[in-house]
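Here's the letter readout for the chains.
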Amino acid sequence: AQTVTQSQPEMSVQEAETVTLSCTYDTSENNYYLFWYKQPPSRQMILVIRQEAYKQQNATENRFSVNFQKAAKSFSLKISDSQLGDTAMYFCAFMPRVYQKVTFGTGTKLQVIP
Amino acid sequence: SAVISQKPSRDICQRGTSLTIQCQVDSQVTMMFWYRQQPGQSLTLIATANQGSEATYESGFVIDKFPISRPNLTFSTLTVSNMSPEDSSIYLCSVEGPSGYTFGSGTRLTVV
């Protein structure tokens, strides 16, 4: 069974600074999908970024980028130029293949400080 | 990505009663997923709903407690039956999209 571990329950960052959220996972699969989701206080789950394991290039979406280390089974999220609206819970998630069960990590609560 | 309308957004219910949560998708999707998020916790998959067949439940979840309907490719309901305070959670539906899973806005259920 796949497991997803987020070792940082809470983090804070000053506005405009950069922060990195950690995620590790365990799987025997070779091709799979990784996600970062954001859940603000509104509780809406918002997809931040997606990475396919067969792609060596790290995914980037505007201020959000990942550091995907397949051999180490690590998938960290870097948020640059942090904004107050980035304050939220961030969940790392793993999916072995399309239409398969998604496993979520326990989440990291990020607070952006003005 | 698909747009999901989920309702109700919140409800306060008496123990022993049932609540039905609805999710409407703006496009046809093969599979819909129902999650529970207990206070301060991550998301746990309850079941996967396919149109025209029985839902597939995860370990620890049973059909009698969480009956699911999937009458067509754009709609599904989850019922939380015979509720107890332990059922107080956020319930979310989700569908697979081209970039990843899209979620409804969630239903915050409080059982008193």
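This part takes up the interface of chain A and chain B. Taken together, the contact pairs 19 residues of chain A with 25 residues of chain B. In terms of surface lost to chain B, no three residues of chain A exceed A:Arg43, A:Tyr99 and A:Phe104, which account for 40% of the buried area on that side. Between the two partners, chain A and chain B, sit one salt bridge. Residues B:Glu58 and A:Lys101 are paired through a salt bridge, measuring 3.0 Å at the closest nitrogen-oxygen approach. Linking chain A with chain B are nine residue pairs in polar contact (both at pLDDT 80 or more). Counting only elements with at least two residues in the side of chain A that touches chain B, the list comes to β5 (33-39), β6 (46-52) and β10 (88-95) of chain A. Partitioned by chemical class, the residues of the side of chain A that touches chain B number 10 nonpolar, six polar and three charged.

Let's shift gears to the packing of aromatic side chains. For any pair of aromatic rings, geometry is given as the distance between the ring centres together with the angle between the planes. All chains considered together, the criterion is met by 14 aromatic pairs over all chains. With centroids separated by 5.6 Å and ring planes inclined at 90°, the aromatic side chains of A:Phe104 and B:Tyr35 adopt a geometry described as edge-to-face. Taken as a pair, A:Phe104 in strand β11 (residues 103-104) and B:Tyr35 in strand β4 (residues 31-37) lie in two separate chains rather than in one. Taken together, a centroid distance of 6.1 Å and an interplanar angle of 65° make the contact between A:Phe104 and B:Phe103 edge-to-face. Here A:Phe104, found in strand β11, pairs with B:Phe103, found in strand β10 (residues 101-103), and the two come from separate chains. Put simply, the rings of A:Phe35, A:Tyr37, A:Phe104, B:Tyr35 and B:Phe103 pair up and form one aromatic cluster.

Attention shifts here to the pattern of salt bridges. Enumeration over the complete set of coordinates arrives at six salt bridges over all chains. Linking A:Asp86 and A:Arg63 is a salt bridge whose minimum nitrogen-to-oxygen distance equals 2.8 Å. Here A:Asp86 is found in the loop between β9 (74-79) and β10, whereas its partner A:Arg63 is found in the loop between β7 (60-61) and β8 (64-69), with 23 residues between them in sequence. Exposure class is identical for A:Asp86 and A:Arg63. Each is buried. Among the salt bridges present, the one from B:Lys65 reaches B:Asp87, with a minimum N-O distance of 2.6 Å. You can see B:Lys65 sitting in the loop between β6 (56-57) and β7 (68-72) and its partner B:Asp87 sitting in the loop between β8 (75-80) and β9 (89-96), a full 22 residues away along the chain. In this structure, a network of salt bridges that share partners links the residues A:Arg50, A:Glu52 and A:Lys55.

Procedures and definitions
- Residues numbered from 1 in each chain as written.
- Chains lettered and ligands numbered in written order.
- Predicted model: local features only at pLDDT ≥ 70, side-chain atom pairs only at ≥ 80, totals over all residues.
- Heavy atoms only, no water.
- Contact = heavy atoms within 4.5 Å.
- Buried area = accessible area lost by both parts, 1.4 Å probe.
- Salt bridge = Lys/Arg side-chain N within 4 Å of Asp/Glu carboxyl O.
- Polar contact = N/O pair within 3.5 Å; in protein donor to acceptor, adjacent residues only side chain to side chain.
- Helix = DSSP H or I, 4+ residues; strand = E, 2+ residues; numbered from the N terminus.
- Nonpolar A, V, L, I, M, F, W, Y, C, P; charged D, E, K, R; others polar.
- Phe/Tyr/Trp six-rings, centres within 6.5 Å; stacked < 30°, edge-to-face > 60°.
- Buried < 20%, exposed > 50% of the residue type's maximum accessible area, 1.4 Å probe, protein only.

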